[in-house]
Amino acid sequence: MNGSEIVVVTGFGPFRQFLVNPSWKAAQGLKLVGLGEQIDVYIKEVVVSYIKTQQIIAEFWQTLKPKFAVHLGIARGSSVVILEQTGKNSGYRDRDVCGFCPESHCCMEGGPEKLDSVVNMRAVSKRFRQAGKDVIYSRDAGRYLCDFAYYCSLYHSQGRAALIHVPSSGSLASADRLVPLLQSIIQSMLNQLEGPSQTA
(Lines give C-alpha, C1' and ligand atoms only; values in the text may rest on other atoms or scores of the structure.)
Protein backbone atom coordinates (compact mmCIF):
# COMPACT_ATOMS: atom_id res chain seq x y z
CA MET A 1 0.00 0.00 0.00
CA ASN A 2 1.33 3.42 -0.82
CA GLY A 3 0.09 6.13 1.50
CA SER A 4 -2.90 5.71 3.72
CA GLU A 5 -6.37 4.48 2.90
CA ILE A 6 -9.65 5.83 4.24
CA VAL A 7 -12.11 3.82 6.30
CA VAL A 8 -15.35 5.62 7.09
CA VAL A 9 -17.06 4.79 10.39
CA THR A 10 -20.58 6.09 10.95
CA GLY A 11 -22.74 6.18 14.06
CA PHE A 12 -26.31 7.39 14.40
CA GLY A 13 -27.57 10.56 16.03
CA PRO A 14 -30.12 10.85 18.84
CA PHE A 15 -32.92 8.27 18.74
CA ARG A 16 -35.79 7.75 21.19
CA GLN A 17 -34.29 7.39 24.69
CA PHE A 18 -30.70 7.67 23.37
CA LEU A 19 -29.90 11.39 23.56
CA VAL A 20 -26.33 10.50 22.68
CA ASN A 21 -26.49 7.39 20.55
CA PRO A 22 -24.06 4.67 21.78
CA SER A 23 -23.21 3.91 18.14
CA TRP A 24 -21.90 7.48 17.68
CA LYS A 25 -19.94 7.25 20.96
CA ALA A 26 -18.34 4.04 19.65
CA ALA A 27 -17.46 5.73 16.32
CA GLN A 28 -15.78 8.56 18.23
CA GLY A 29 -13.86 5.99 20.28
CA LEU A 30 -12.65 4.27 17.12
CA LYS A 31 -11.40 7.58 15.75
CA LEU A 32 -9.30 8.00 18.91
CA VAL A 33 -7.76 4.50 18.90
CA GLY A 34 -7.47 4.20 15.12
CA LEU A 35 -7.41 1.10 12.94
CA GLY A 36 -3.70 0.81 12.20
CA GLU A 37 -0.88 2.87 10.79
CA GLN A 38 -1.95 3.15 7.17
CA ILE A 39 -5.65 3.72 7.81
CA ASP A 40 -7.21 7.17 8.07
CA VAL A 41 -10.43 6.85 10.08
CA TYR A 42 -13.10 9.33 8.99
CA ILE A 43 -16.17 9.44 11.25
CA LYS A 44 -19.62 10.78 10.46
CA GLU A 45 -22.75 11.08 12.57
CA VAL A 46 -25.82 10.04 10.60
CA VAL A 47 -29.20 11.57 11.41
CA VAL A 48 -31.95 8.96 11.99
CA SER A 49 -33.63 10.16 8.77
CA TYR A 50 -34.10 8.18 5.56
CA ILE A 51 -33.46 11.16 3.27
CA LYS A 52 -30.39 12.46 5.11
CA THR A 53 -28.94 8.96 5.46
CA GLN A 54 -29.18 8.43 1.69
CA GLN A 55 -27.51 11.79 1.01
CA ILE A 56 -24.68 11.36 3.52
CA ILE A 57 -23.78 7.86 2.34
CA ALA A 58 -23.88 8.66 -1.38
CA GLU A 59 -21.78 11.77 -0.73
CA PHE A 60 -18.95 10.12 1.20
CA TRP A 61 -18.62 7.27 -1.33
CA GLN A 62 -18.35 9.84 -4.14
CA THR A 63 -16.05 12.32 -2.41
CA LEU A 64 -13.85 10.29 -0.04
CA LYS A 65 -13.75 7.05 -2.09
CA PRO A 66 -12.95 4.98 1.02
CA LYS A 67 -11.50 1.48 1.01
CA PHE A 68 -14.31 0.35 3.34
CA ALA A 69 -17.20 1.74 5.39
CA VAL A 70 -18.37 0.52 8.78
CA HIS A 71 -21.85 1.52 9.95
CA LEU A 72 -22.53 1.22 13.66
CA GLY A 73 -26.09 0.97 14.92
CA ILE A 74 -27.71 0.29 18.27
CA ALA A 75 -29.39 -3.05 18.98
CA ARG A 76 -31.92 -2.24 21.68
CA GLY A 77 -32.13 -4.91 24.35
CA SER A 78 -29.03 -6.72 23.08
CA SER A 79 -25.91 -7.43 25.12
CA VAL A 80 -23.84 -8.81 22.21
CA VAL A 81 -22.13 -7.39 19.11
CA ILE A 82 -23.98 -8.42 15.93
CA LEU A 83 -22.25 -8.56 12.54
CA GLU A 84 -24.77 -8.15 9.74
CA GLN A 85 -24.15 -9.86 6.39
CA THR A 86 -27.02 -8.49 4.33
CA GLY A 87 -28.77 -5.21 3.59
CA LYS A 88 -32.40 -5.31 2.37
CA ASN A 89 -33.88 -2.98 -0.21
CA SER A 90 -37.58 -3.07 0.70
CA GLY A 91 -39.95 -3.31 3.63
CA TYR A 92 -39.18 0.05 5.29
CA ARG A 93 -42.47 1.00 6.97
CA ASP A 94 -41.37 2.60 10.28
CA ARG A 95 -41.16 6.38 10.43
CA ASP A 96 -37.85 8.12 11.13
CA VAL A 97 -37.23 10.92 13.67
CA CYS A 98 -38.75 13.40 11.20
CA GLY A 99 -41.94 11.31 10.98
CA PHE A 100 -41.07 10.31 7.42
CA CYS A 101 -41.25 6.91 5.73
CA PRO A 102 -40.23 6.29 2.08
CA GLU A 103 -43.35 6.12 -0.09
CA SER A 104 -41.95 3.14 -2.00
CA HIS A 105 -40.82 1.53 1.31
CA CYS A 106 -37.46 0.87 -0.33
CA CYS A 107 -33.89 2.24 -0.50
CA MET A 108 -33.20 2.15 -4.22
CA GLU A 109 -36.10 1.70 -6.60
CA GLY A 110 -35.12 -0.96 -9.12
CA GLY A 111 -32.17 -2.12 -6.98
CA PRO A 112 -31.61 -5.79 -6.06
CA GLU A 113 -33.80 -7.05 -3.20
CA LYS A 114 -30.75 -7.69 -1.03
CA LEU A 115 -27.03 -7.02 -1.11
CA ASP A 116 -24.29 -8.82 0.83
CA SER A 117 -21.03 -7.46 2.16
CA VAL A 118 -17.90 -8.80 0.48
CA VAL A 119 -16.70 -9.63 4.01
CA ASN A 120 -17.64 -13.07 5.26
CA MET A 121 -19.29 -12.02 8.52
CA ARG A 122 -19.88 -15.62 9.57
CA ALA A 123 -16.13 -16.31 9.46
CA VAL A 124 -15.32 -13.11 11.40
CA SER A 125 -17.94 -13.77 14.10
CA LYS A 126 -16.80 -17.40 14.45
CA ARG A 127 -13.22 -16.30 15.02
CA PHE A 128 -14.23 -13.94 17.84
CA ARG A 129 -16.70 -16.39 19.38
CA GLN A 130 -13.95 -19.01 19.53
CA ALA A 131 -11.86 -16.43 21.42
CA GLY A 132 -14.68 -16.15 23.97
CA LYS A 133 -16.13 -12.84 22.73
CA ASP A 134 -19.86 -12.05 22.56
CA VAL A 135 -20.02 -11.62 18.78
CA ILE A 136 -22.77 -13.14 16.65
CA TYR A 137 -23.67 -13.30 12.95
CA SER A 138 -26.96 -12.18 11.43
CA ARG A 139 -28.63 -11.95 8.03
CA ASP A 140 -31.53 -9.74 9.14
CA ALA A 141 -30.57 -6.18 10.06
CA GLY A 142 -34.11 -5.18 11.04
CA ARG A 143 -35.48 -2.96 8.24
CA TYR A 144 -35.03 0.37 9.95
CA LEU A 145 -32.37 3.07 9.52
CA CYS A 146 -29.41 0.73 10.20
CA ASP A 147 -30.53 -1.71 7.51
CA PHE A 148 -31.41 1.20 5.18
CA ALA A 149 -27.98 2.81 5.63
CA TYR A 150 -26.27 -0.55 5.10
CA TYR A 151 -28.09 -1.26 1.85
CA CYS A 152 -27.32 2.25 0.54
CA SER A 153 -23.64 1.80 1.34
CA LEU A 154 -23.43 -1.71 -0.15
CA TYR A 155 -25.15 -0.36 -3.27
CA HIS A 156 -22.65 2.49 -3.72
CA SER A 157 -19.56 0.42 -2.87
CA GLN A 158 -19.98 -2.96 -4.58
CA GLY A 159 -20.28 -4.56 -1.14
CA ARG A 160 -17.31 -2.90 0.61
CA ALA A 161 -19.21 -2.12 3.79
CA ALA A 162 -20.16 -3.59 7.16
CA LEU A 163 -23.00 -3.04 9.59
CA ILE A 164 -22.24 -3.77 13.22
CA HIS A 165 -25.06 -3.61 15.76
CA VAL A 166 -23.63 -2.60 19.12
CA PRO A 167 -25.28 -3.62 22.41
CA SER A 168 -27.39 -1.33 24.56
CA SER A 169 -27.00 -3.42 27.72
CA GLY A 170 -24.49 -5.70 29.46
CA SER A 171 -20.75 -5.24 29.95
CA LEU A 172 -20.08 -4.53 26.26
CA ALA A 173 -22.37 -1.48 26.38
CA SER A 174 -19.50 0.43 28.04
CA ALA A 175 -17.26 2.17 25.51
CA ASP A 176 -14.02 1.11 27.20
CA ARG A 177 -14.89 -2.54 26.56
CA LEU A 178 -16.73 -2.09 23.28
CA VAL A 179 -14.25 0.08 21.37
CA PRO A 180 -11.21 -2.28 21.61
CA LEU A 181 -13.42 -5.19 20.50
CA LEU A 182 -14.79 -3.19 17.55
CA GLN A 183 -11.25 -2.16 16.64
CA SER A 184 -10.18 -5.84 16.48
CA ILE A 185 -13.31 -6.85 14.55
CA ILE A 186 -12.85 -4.13 11.91
CA GLN A 187 -9.14 -4.92 11.55
CA SER A 188 -10.13 -8.56 10.99
CA MET A 189 -12.56 -7.45 8.26
CA LEU A 190 -9.87 -5.32 6.60
CA ASN A 191 -7.45 -8.27 6.69
CA GLN A 192 -10.08 -10.38 4.98
CA LEU A 193 -10.38 -7.76 2.23
CA GLU A 194 -6.62 -7.96 1.68
CA GLY A 195 -6.48 -11.75 1.68
CA PRO A 196 -7.92 -14.38 -0.68
CA SER A 197 -11.71 -14.36 -0.80
CA GLN A 198 -13.43 -16.78 1.56
CA THR A 199 -16.83 -18.32 1.12
CA ALA A 200 -19.29 -19.14 3.89
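One structure accompanies this document, and this report is about it. Just so you know, these numbers come straight off a predicted model, no measurement behind them.

Focus on the sheet that holds strand 3 (residues 68-75)
Here six strands make up an open sheet; going across it, the order is 2-1-3-8-4-7 and the pairing mixed. Looking along the sheet, the strands with just one partner apiece sit at the ends: strand 2 (39-46) and strand 7 (135-138). Between one strand and the next, the sheet's axes are offset by a mean angle of 25 degrees, whatever the strand orientation. Pairing between strand 4 (residues 81-84) and strand 8 (residues 161-167): three bridges, direction antiparallel. For Ile82, the partnering residue across the bridge sits in strand 8 and is His165. Relative to the sheet, helix 2 (residues 50-63) contacts strand 1 (5-12), strand 2 and strand 3, its axis offset from that of strand 3 by approximately 155 degrees.

Observations regarding the pattern of salt bridges
Here the structure, examined in full by the defined rule, presents four salt bridges. In this structure, Glu5 and Lys67 form a salt bridge, with 3.5 Å as the shortest nitrogen-oxygen distance. Residue Glu5 is found in strand 1, and its partner Lys67 is found in the loop between helix 2 and strand 3; the two are separated by 62 residues along the sequence. Its relative accessible area of 24% is what places Glu5 among the partly exposed residues. On the basis of relative accessible area, Lys67 is assigned to the buried category, the value being 15%. Here Glu194 makes a salt bridge to Lys67, at a shortest N to O gap of 2.2 Å. One end of the pair, Glu194, is in helix 5 (residues 175-194); the other, Lys67, is in the loop between helix 2 and strand 3, and 127 residues separate them in sequence.

Procedures and definitions
Residues numbered from 1 in each chain as written. Predicted model: local features only at pLDDT ≥ 70, side-chain atom pairs only at ≥ 80, totals over all residues. Heavy atoms only, no water. Pairing = 2+ DSSP bridges. Helix = DSSP H or I, 4+ residues; strand = E, 2+ residues; numbered from the N terminus. Axes fitted to C-alpha atoms, helices over the stretch in contact; angles between N-to-C directions. Contact = heavy atoms within 4.5 Å. Salt bridge = Lys/Arg side-chain N within 4 Å of Asp/Glu carboxyl O. Buried < 20%, exposed > 50% of the residue type's maximum accessible area, 1.4 Å probe, protein only.

Functional significance is not addressed by these values, which are geometric in nature.
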